[in-house]
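# Structure at a glance
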Amino acid sequence: MPFLNSIRTVENTANAQEYPFNIPAFSEGINMEFSSNVTFFVGENGSGKSTLLEAIAENCGFNVAGGNRNHYYQYHKTESNLGSILRFSWLPKVTDGFFLRAESFFNFATYIDNLESDEPGVYDAYGGKSLHGQSHGEAFLALFENKFKKGIYILDEPEAALSPKRQLSFLVLMHELEKTGKAQFIIATHSPIILSYPEAIIYSFDQERITKVIYEETEHYQITKDFLMNPGLYHKHLFSKTE
């Protein structure tokens, strides 16, 4: 069973006109169950996915710029106060895991370089070499393969650095961990490949409240499928607007 069972709004005295409480998906409060070890957040940019991931990471004690509870480095403050009105139900509470933010991964890799210069051997936990010394996709997979073992893994758009082939490799890594019952994944993604993970729960942030959907109902699946079936039709429609 998942470590994090549910998230619910328990107090909502915040100004509904202020960020992040003015995000439509949060307007009716948050009431989410995690019945699978793999949960996906989907929705357009700005729909609140990353904001909620940050609140979960903060509740775990992780560095909200990316990393785990043992990673301390300077970052530009981005987290909201959403977590202050939420109740997290754990069974049991875990503080092992990792928060991955594609947008700030460069800063995390630099932090690991600095640790290695102070304490040689740190690279051993990341594939034996600097994350900066690998391609973006290689660095992501090195992190997944070497650091992901037991705990809760909160990932914000992991596909940003992964080719379609490496996204398939990521599915394999995730399955190997998830099937042990020792790992829970909560992932915000736009990738129809990653979203295909069997028996995952998918929450959409595109409505006035967060709603559960099935894979085939997501725009990511529908648009990708329709486009690949007839890209010419899409091109004709899209490009006619610029003529």
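Residues numbered from 1 in each chain as written. Predicted model: local features only at pLDDT ≥ 70, side-chain atom pairs only at ≥ 80, totals over all residues. Heavy atoms only, no water.

In the nomenclature of an unreviewed UniProt entry, the chain corresponds to Putative ATPase from the organism Pelolinea submarina.

## Thoughts on the overall build of the chain
The line we're drawing: Starting at the N terminus, helices and strands are each numbered in turn, a helix being any DSSP run of H or I of at least four residues and a strand any DSSP run of E of at least two. Exposed residues in this analysis have more than 50% of their type's maximum accessible area, buried residues have under 20%, and partly exposed residues fall in between, with area computed by a 1.4 Å probe over protein chains only. We call two residues in contact whenever any of their non-hydrogen atoms come within 4.5 Å of each other. Accessibility throughout is a Shrake-Rupley quantity obtained with a 1.4 Å probe, and a residue counts as covered only by protein chains that appear here.
The number of helices and strands found in the chain is 7 helices and 9 strands. Relative to its 243 residues, the chain shows a buried fraction of 49%. Considering only residue pairs separated by 6 or more positions, the chain has 73% of its internal contacts joining residues 24 or more positions apart. When the accessible surface of the chain is summed, it comes to about 12,600 Å², and 51% of that surface belongs to carbon and sulfur atoms.

## A look at the nonpolar core
Buried together is how nonpolar side chains tend to be arranged in soluble globular proteins. Rules: For our purposes a nonpolar core is just a set of buried Ala, Val, Leu, Ile, Met, Phe, Trp, Tyr and Cys residues, chained together by side-chain atoms within 4.5 Å.
Phe40, Phe144, Phe148, Met174 and Phe185 are the most contacted members of the largest nonpolar core, which totals 39 residues. Among the elements that line this core, the one with the most residues is helix H3 (residues 136-147), at 6 residues. Leave out the neighbours within four places in its chain, and Phe40 touches Met174, Ile187, Thr189, Ile194, Leu195, Tyr197, Ala200, Ile201, Ile202 and Tyr203.

## So, the pattern of salt bridges
The criterion, for reference: Between Lys or Arg on one side and Asp or Glu on the other, a salt bridge is scored when a side-chain nitrogen of the former is within 4 Å of a carboxyl oxygen of the latter.
Going through the model one piece at a time under the given rule, you end up with 3 salt bridges. As a salt-bridge pair, Arg8 and Glu33 come within 2.2 Å of each other at their nearest N and O atoms. Taken together, the residues span a long stretch of sequence, with Arg8 in strand S1 (residues 4-9) and Glu33 in strand S2 (residues 31-33) at a distance of 25 residues. Between Glu54 and Arg101 there is a salt bridge, with the nearest N and O atoms lying 2.6 Å from each other. You can see Glu54 sitting in helix H1 (residues 49-60) and its partner Arg101 sitting in strand S5 (residues 97-101), a full 47 residues away along the chain. Taking relative accessible area as the criterion, Arg101 reaches 6% and is therefore assigned buried.

## With respect to the sheet that holds strand S8 (residues 201-204)
Heads up, the condition is: Two strands pair under a simple rule: DSSP has to find at least two bridges between them. To define axes, lines are fitted to C-alpha atoms, for helices over the stretch in contact only, and angles between the resulting N-to-C directions are given on a 0 to 180 degree scale.
On the basis of which strands lie adjacent, the open sheet formed by 6 strands has the order S5-S6-S7-S3-S8-S9 and mixed pairing. Two strands in the sheet have a free side with no partner beyond their single neighbour: S5 and strand S9 (211-213). Across the sheet, the mean angle separating the axes of adjacent strands is 20° when strand polarity is ignored. Here H1 sits on the sheet in contact with strand S3 (38-42), S5, strand S6 (151-156) and strand S7 (183-188), set at roughly 150° to S6.

## Some remarks on the environment of Val122
Among the secondary structure elements, Val122 is positioned in the loop between helix H2 (105-118) and H3. Its relative accessible area of 18% is what places Val122 among the buried residues. Every residue in contact with Val122, bar those within four places of it in the chain, is listed here: Ile112, Leu115 and Glu116.

## Side note on the side chain of Ser130
Filter applied, for reference: Pairing of N or O atoms within 3.5 Å defines a polar contact, subject to two protein rules: one partner must be a possible hydrogen donor and the other a possible acceptor, and residues neighboring in sequence count only if both atoms are side-chain atoms.
Tracing the backbone shows Ser130 in the loop between H2 and H3. For Ser130, a relative accessible area of 16% translates into the label buried. Within polar-contact distance, the side chain of Ser130 engages the side chain of Asp113 at 2.8 Å.

## Thoughts on the pairing of S8
Here S8 shows two buried faces, one formed by Ile201 and Tyr203 and the other by Ile202 and Ser204. Relative to S8, S3 runs parallel, the two being bridged by 4 bridges. By the bridge assignment, Phe40 is partnered in S8 with Ile202. Of the pairings in the sheet, the one linking S8 to S9 comprises 3 bridges and is antiparallel in character. Counted as the bridge partner of Ile202 is Val213 from S9. Once S8 ends, the chain turns through 6 residues before running back antiparallel as S9.

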